[in-house]
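A closer look at the structure
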Amino acid sequence: MSEKLLVPDIGDFENVEVIELLVKPGDTIKENDPIVTIESDKSSVEIPSTISGKIDTINVKVGDKVSKGDLLLSLINSTKSLPESNLPKDTENIIKQAEEAMAVNKEELVKVPEPPKEKKQSIIQVTNGLDTDPLETQDWLESLTAVISKNGNQRAHFLIKELINKAYREGANIPYTQNTPYINTIPPEAEIKSNGDQNMERRIRSLIRWNAAAMVVRANKKFPELGGHIGTFASAATLYDVGMNHFWRAKNNKFGGDLVYFQGHSAPGMYARAFLEGRLTEKQLDSFRQEVKPGGLSSYPHPWLMPNFWQFPTVSMGLGPMLAIYQARYMKYLINRGLIKDEGRKVWAFLGDGEMDEPESMGAIGLAAREKLDNLIFVINCNLQRLDGPVRGNGKIIQELEGSFRGAGWNVIKVIWGSYWDSLLANDKTGQLVKIMNETVDGEYQAMKARDGAYVREKFFGKHPETLELVSSMSDKDIWRLNRGGHDPHKVYAAYDKATKNQGSPTVIIAKTIKGYGMGKTGESVNTTHQTKKLDVDDLMYYRDRFDVPLTDEQVKNIEYFKPDEKSPEIRYIKERRLKLGGYLPERSTFAKPIKAPSKDIFDFMKVSTGDKEMSTTMALVRMLTNLLRDKNISPRLVPIIPDEARTFGMEGFFQKIGIYAHEGQKYEPEDAAQLSSYREDKSGQVLEEGINEAGAMSSWIAAATAYTNHDIEMIPIYIFYSMFGFQRIGDLAWAAGDSQARGFLVGATAGRTTLAGEGLQHQDGHSHLIASTIPNCVTYDPTFHYELATIFREGLRRMHEKKENVFYYITTMNENYSHPEMPKDKNCEEGILKGMYKIKEFNKYKKTKIQLLGSGTILREMLSAAEILQNDYQIDSEIWSVTSFNELRKDGMEVERYNLLNPDKAPKKSYVEQCLGSTEGPIMAASDYMRMNSDQIRPYTNNKSFYSLGADGFGRSDTRKNLRKFFEVDKEHLVAYGLSILAKEQLIASKYAKDAMKKYKIDGDKPMPTKL
Ligand SMILES: Cc1ncc(C[n+]2csc(CCOP(=O)(O)OP(=O)(O)O)c2C)c(N)n1
Ligand SMILES: [Mg+2]
């Protein structure tokens, strides 16, 4: 049967140009195969076939304008698609596989036996002092206890929910609290026990504690300026040790490995463990924070400085939690796209309670719950202190965090009290103990641990006769021994076990600890703990005794490290545990295969002139990406990341072509279902549409850009954003990306202070290149023409993803439409584009006066126009240089200058700028759509030639592009006037020409500087 394929609904567009035919008569095509590419003035989209068959005739040609309903082609032997299966084949397959895997997981889930729960005592307590009828309360509570023991927790929960709903419907509009009492979430009888040797683990932990502290103290004894932290790891040692001994699986050839984000300033503890494991030497410990000589240990986790050890930079507070969430999300993305196996890997993040004050720390917890990231576990170490003092002196950080995380939909496990409290809580028949636990504020809890047992008896248990009675048979020492949950390996183990088995939501473990645990009077639970980095001999003796470290007094005085013999049970144990868990942690490695850069011809279409066709560089980029999606090596690895601006950048064609990642697929028919670029969410979708969330998008980008090490698969993330909402919004994340050795593309679209016209002060970017230039491994470009963009992009693919160079690219693209010329034939052009500048044109008619004109981004076009005016109206010759990157030119200049200064006896080298401009004629005038500082960067490298830079300094404002360029004095008229004035200043022409030009172009010499307006 024969069938006709018509142009589908293409949204609001009419008469859209056909720019590519992707098939020819005689071809056999399948459903969803792209047929033609059409292009409006803003975006290009492929039209896929909805029919399979052999092409009989094609009814359109390149250059035709088409609208909805126009005939594209006729097919013979066609079969039409069924409406419900319009997903691409591989998408369908991936979904099928994922669904099968989910079914298997579900079966596994059913098989996991629930631990036997012996209910001895109700955990529900009377805690409300405003109880007006205790007997009635008791009745209700007993009924509930009966339900729990007879029908289980779920039933009890259901009944409570129904009661609350009923109360709400009856008008009792009192919000349900997100808090549970201030006790452990897991009751003692439900705790899963560790099979580890507890005595052995305590001994090992004590040695790690000692060596960690010794390392900091030794470094500071040598060089007091070095700093370091003891108190943080001291509070978290048990939290780390239980994970290291029992939970965290390393990467090896059979398993991808869990990913652990260690709290930045607990690094000494990780080094101390690695020392016992034999991964670090004593000499290395002694070079903690002395990294200038190779082999030193970095202050905090920095993959850039210790590339085989640290995986995640976490010390800038708040970044760790966000990055971990997006890492867990990205892991699911890779699984759902069928790019990695689902091995049940987990992402763990260790955070400080003070760190949770960072808006970033909590900023993405909603996403984690929404996306059901049950591969994510947060451990918040609540030692109740941050740097200066208590985190919530007058409140309770644990309760506050519980409320926020539960509200967001997380599985919350509180680990507040250690095992010594179990019997006290069991004997708390009236609930008075829990009541005072609930009422005591963190400031008091902290103060108690800075004192002694007698103080705790008086100030805590003494709050009520019943609780005082509860501890009457206990000595002050016994009271002092009542431990906090985060220091009890049993409680921590039970929490970790529960967290790893949780399904359908992320888990947060909120553990209560003591800052400076074991440091005694000088450092335990005191406000100055955070800065303690020196311990005197008495403190050290106390610390040794507190943890039974087998060192003599003499050895303590010398602050010696302690490492048992290789054959000792301790070392054997520590190694055995890690062997069982697949290897050591942290460790950074990569086994990712490179991606072959696409052949040059895939970019050829960008090397020819666009003729009359005008387009922006943003559009040229999208065209290029569309083409790259046809390269079988590149296509699956591209990760387009967009913060809800796809349409702004003309990328809506991607919705249908590769889909938007959505872990639940698409549960609704989109409003625009009938249209070609309809909003398509898909479980195996490729685009990460992050919402209005630049920090989240950047975190996703970092996860993708480091997938080569964390998942052993090289990915090509391309995050496209409004350039103004890039670096200045997420600068610290970009810095962390550099540290992480991220590889990928950042695209600052709609860039330029005067190029993005109507949006105004907050939108117009005149400095992102300068911010980007602060990151040493960030390579930046500001191209003007499509062939420059293609050359830069291809080289980026080659350097980062084929040659595995640890750099990342920042490219600005613009929204100004213009036609693009053919790539110059000059064989040095490509090299120049990549190095940062090349000569694009020369006017040499009059051979009297010459000027060198440098332009970047869209201002290059103003410069080209200005050169023409200078030639035609003023008989000035010029050479015009397209500067694709002032930043790259400066890097080269700096390096060459440094070499020359350090090698005064050798023949000096020439910077690339000098090679280009050093022996040219006339002064140099440079301009870009960025601050003058952008072009000023190359001033020192021009061989003392006169150098003038122009740029868009000052706050932007909304107006037409023409008016803005005039205002910032980077339009062709100002460039002409400035050019003439420069030549006059250099005494090459008379000043009257400049004056004339200013009059002609109505340029007011007394106008205030734009920075002051
Ligand atoms: C963004 C940022 N701001 C400030 C700091 C400096 N700083 C380092 S540790 C610290 C206190 C941390 O308190 P908390 O998170 O409770 O960790 P703890 O040491 O108590 O475990 C601060 C303010 C930082 N590292 N990062
Ligand atoms: Mg803290």
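Everything numeric here is computed off the predicted structure, so don't read it as measured data.

**What about empty space enclosed by the protein?**
- Summed over the entire model, instances satisfying the criterion amount to 9 cavities of 30 Å³ or more.
- If you add up the space inside the largest cavity, you get close to 120 Å³.
- Forming the boundary of the largest cavity are 13 residues, of which W417, W421, K449, V456 and R484 lie nearest the centre.
- Elements that contribute at least two residues to the lining of the largest cavity include exactly α14 (442–449) and α17 (476–481).
- Per-class residue counts for the lining of the largest cavity are 9 nonpolar, 1 polar and 3 charged.

**A look at the nonpolar core**
- In this structure, I325, F378 and W701 are the most contacted members of the largest nonpolar core, which totals 177 residues.
- Looking at this core element by element, the count peaks at 11 residues for helix α8 (residues 319–336).
- Leaving out residues up to four positions away in the same chain, I325 has contacts with A364, I365, L367, A368, L373, L376, F378 and W410.
- Core analysis: the second largest hydrophobic core is formed by 74 residues, A214, V242, Y517 and L585 among them.

**Description of the sheet that holds strand β28 (residues 947–950)**
- Taking strand neighbours across the sheet as the criterion, the 5 strands line up as β24-β26-β25-β27-β28 in an open arrangement whose pairing is mixed. Every interior strand has two partners, whereas the edge strands, β24 (837–843) and β28, have only one. Strand after strand, the sheet turns through a mean of 20° between neighbouring axes, direction not considered.
- Taken together, the 4 bridges between strand β27 (residues 924–927) and β28 define a ladder with parallel strand orientation. Bridged to A926 within β28 is S949.
- Contacting β24, β25 (849–855), β26 (876–883) and β27, helix α30 (residues 859–874) runs over the sheet at an angle of about 170° to β26.

**Focus: the coordination of the magnesium ion (ligand 2)**
- Protein-derived coordination of the magnesium ion (ligand 2) comes from D353 (OD), N383 (OD1) and Q385 (O), at a distance range of 2.0 to 2.1 Å.
- Within one chain, the residues serving as donors to the magnesium ion (ligand 2) are arranged as D-x29-N-x1-Q. Residue D353 is located in the loop between β10 (347–352) and α9 (359–363), and its partner Q385 is located in the loop between β11 (376–382) and α11 (397–408); the two are separated by 32 residues in the primary sequence. Comparing D353 with Q385 shows no difference in burial state: the two are buried.

**Section: the pairing of strand β12 (residues 411–415)**
- By the criterion of burial, β12 is predominantly enclosed, with 5 of the 5 residues buried.
- Here β12 pairs with strand β13 (residues 507–512) via 5 bridges, running parallel. Bridging from a neighbouring strand, I413 pairs with I509 of β13.

Calculation notes
Residues numbered from 1 in each chain as written. Chains lettered and ligands numbered in written order. Predicted model: local features only at pLDDT ≥ 70, side-chain atom pairs only at ≥ 80, totals over all residues. Heavy atoms only, no water. 1 Å grid on protein atoms, 1.4 Å probe; cavity = no way out; pocket = protein on both sides within 12 Å on 5 of 7 lines; lining within 4 Å. Points joined across faces, edges and corners; volume = space filled by probe spheres on them. Helix = DSSP H or I, 4+ residues; strand = E, 2+ residues; numbered from the N terminus. Nonpolar A, V, L, I, M, F, W, Y, C, P; charged D, E, K, R; others polar. Core = buried A, V, L, I, M, F, W, Y, C linked by side-chain atoms within 4.5 Å. Buried < 20%, exposed > 50% of the residue type's maximum accessible area, 1.4 Å probe, protein only. Contact = heavy atoms within 4.5 Å. Pairing = 2+ DSSP bridges. Axes fitted to C-alpha atoms, helices over the stretch in contact; angles between N-to-C directions. Donors = N, O, S within 2.8 Å, 3.2 Å for Na, K, Ca; no water.

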